[in-house]
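Here are the chains, one letter per residue:
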Amino acid sequence: MRRRSFVRAASVAGAGTLVAPGLIHGRGRADLVLRGATVFDGTGGDGRASDVAVTGDRITAIGRDLPAGSEEIDLRGLALAPGFIDIHSHADLALLVNNRAESRVRQGVTLEVVGQDGSSIGPWSDAGFEATRDRYRRSGVEIDFRDPAGFLARIDRERPAVSVATMVGNGALRGLVVGAEDRPATPSELARMKALLAEQVGRGCVGLSSGLEYTPSGLADAAELVELASVLRGTGYPYASHMRNEDDRLLGAVEEALHVGRLAGVPVQISHLKAQGQRNYWKADAVLSLIERARSGGLDVHFDRYPYTAYATGLSNLFPSEYRAGGSAAFLRRLRDPATAAALERACRDKVALLGDWNSVQISGTNEETSWARGRRMGDLARERSTDPYELTVALLEANGGGVGMIGHGMGEENTAKLLAHPLAMTCSDGGAYAPYGALSGGSPHPRGYGSFPRLLGHYVRERNALSLEAAIHRVTLMPARKLRIADRGVIRIGAFADLVAFDPATVADRATFDDPHQYPVGIPVVVVNGVVTLRDGEHTGSLGGRGVRGTPLAQG
Ligand SMILES: [Zn+2]
């Protein structure tokens, strides 16, 4: 038997098929053969009809008419790609609340890159750790780690349905070391933040993120960001930035991100690039030329974007960040303080005008007492309740301790297609992990948590023809893997991890909408994570294969 399979494998190899030495000399029969798909290997090349064999967690053979595996899946008529890598994900701790990662794996994601927007999972102070631990105990989750690297180790033990890599957030570092105060870090605080970052990167984290529209992340000025990011110099890991502004001051914000990369000497990933508000739509071209010019000047810069014309954030983000310094309590006080109230109102109304009108603001998450607002547009709500929309905004924020989720309908479809199609663009979800049942089914979240990757392939590739199928696949597989220095993923080749997604290019589509977000996409029947068949016939198998994924730095920094 062993002899026969050796001969068979060897002769197939001779006919131009690639077979891993391990398959020939080792276990023989593959665990799994995915048969007859058009294989897009993630490099951006054309698809080729081929079988793919998997043994253990690795791809062990690629070619026509591979020998039978212990398990066979017929994929004729479908495309097979490397599992999608979400370079800007907010799945984070929700993966522990429901480890089946339903909304994620069903859209073909096999690797989440979390710790975005400056807020990674720690490192926490004792108080930060205890607060998070107590909050998650209510969902039956015991938090037993204190930093992003510890989270990766937990993922290794827990093995949710998807794998996880993580950035380290400058906001988390600043919150721990400096606190919530709006002041520059002292030299010793900066040294401490740098040491913490170096330690986390040494344990496999894949870069530094910032969320400069938020506090405490945005309390760091450019000089502090340069100093912190310089820890990454020589590792190849990027500085990923949710920039200081995404509307009227977008150009300056892009300049700042590029400046940090140049001065720190590190690659840059601009997070969810957009030009918010009609009066800023023209800036999409302007920022693309800024980025292209930086690129030709030698900076390793890319950007990502989710395939929707609306963003999601906190309702407090309708107010400039300087009014949000010092935390939620301080912000809520300023809303009513006669010394600041008028300026806050003016700034908020101006932001809403920039988006369009009050119906551009849709409420996504609230507490139970104000659940009547979930999923609703602020203009409609204010009319129904015979109140002023600004007063209602303040009332909602006060009733929720400042924590209200919102969706802002403020971007153009033309720009969205243009940005997604740009050669330096990757597609991300920027979304969380949800399920239509249980603890993750609440609220009215942005549909990107369910639909980003099928929407890229269905709406932007098939319907709009904004970019080719092979380019779209490359942008969500090998391209992010390279940017983050993640080895042996994002590609279908022998020896790579068996992270795979099969989909039907003719039917793949998102179903989640802004009004009805908790819906799975269609046209994605099979997903394999580290060799584990997690989605089959479009249904979750309950088998879980995710792992903590660590980067491979160029050199120890
Ligand atoms: Zn962000």
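Refer to the structure above for everything that follows.
Computed from a predicted structure; not experimentally measured. (Residues numbered from 1 in each chain as written. Predicted model: local features only at pLDDT ≥ 70, side-chain atom pairs only at ≥ 80, totals over all residues. Heavy atoms only, no water.)

Undergrad: Help me out: how do you make sense of helix 17 (residues 448-463) in this one?
TA: Given 3.6 residues to a turn, an α-helix orients residues that are three or four positions apart in the same direction. Under the 1.5 Å per step criterion, the end-to-end length of helix 17 is only 18 Å for 16 residues, more than 12% shorter than the ideal 22 Å. The axis of helix 17 is deflected most strongly, by about 55°, at Arg455. Helix 17 sits mainly inside the fold: 14 of its 16 residues count as buried. With its phi angle positive at about 55°, Asn465 sits one or two positions after the end of helix 17. (Helix = DSSP H or I, 4+ residues; strand = E, 2+ residues; numbered from the N terminus. Expected span 1.5 Å × (residues − 1). Bend = angle between axes of the 7 residues up to and from the residue. Buried < 20%, exposed > 50% of the residue type's maximum accessible area, 1.4 Å probe, protein only.)

Undergrad: Quick question: what am I supposed to make of the coordination of the zinc ion here?
TA: Looking at the metal site, the zinc ion is ligated by Asp117 (OD), Asp117 (OD), His242 (ND1) and His272 (NE2), spaced 2.0 to 2.4 Å from it. Here the zinc ion is ringed by four donor atoms whose angles at the metal span 57 to 151°, and the overall shape comes out irregular. We classify His242 as buried; its relative accessible area is 4%. (Donors = N, O, S within 2.8 Å, 3.2 Å for Na, K, Ca; no water. Tetrahedral: all angles 85-135°; square planar, octahedral: opposite > 155°, others 65-115°.)

Undergrad: Would you take a moment to explain empty space enclosed by the protein for this structure?
TA: Gaps left between atoms show up when a probe the size of a water molecule is rolled over them. Applying the stated criterion across every chain yields a total of one cavity of 30 Å³ or more. Quantified by volume, the largest cavity comes out at close to 30 Å³. Every residue lining the largest cavity is listed: Ile87, His88, Gln116, Met167, Ala240, Gln269, Ser271, Asp304 and Leu484. (1 Å grid on protein atoms, 1.4 Å probe; cavity = no way out; pocket = protein on both sides within 12 Å on 5 of 7 lines; lining within 4 Å. Points joined across faces, edges and corners; volume = space filled by probe spheres on them.)

Undergrad: Teacher, can you tell me more about the pattern of salt bridges here?
TA: It is possible for side chains of opposite charge to pair when their charged atoms get near one another. For the structure shown, the criterion picks out 46 salt bridges. With a closest N to O distance of 3.3 Å, Arg203 and Asp147 form a salt bridge. Of this pair, Arg203 sits in the loop between helix 8 (187-202) and strand 11 (208-211) while Asp147 sits in the loop between helix 5 (126-137) and helix 6 (148-158), and the two are 56 residues apart along the sequence. Residue Arg493 pairs with Asp488 through a salt bridge whose shortest N-O separation is 3.5 Å. Accessibility expressed as a relative area gives 37% for Arg493, which makes it partly exposed. (Salt bridge = Lys/Arg side-chain N within 4 Å of Asp/Glu carboxyl O.)

That's the geometry; what it means functionally is another story.
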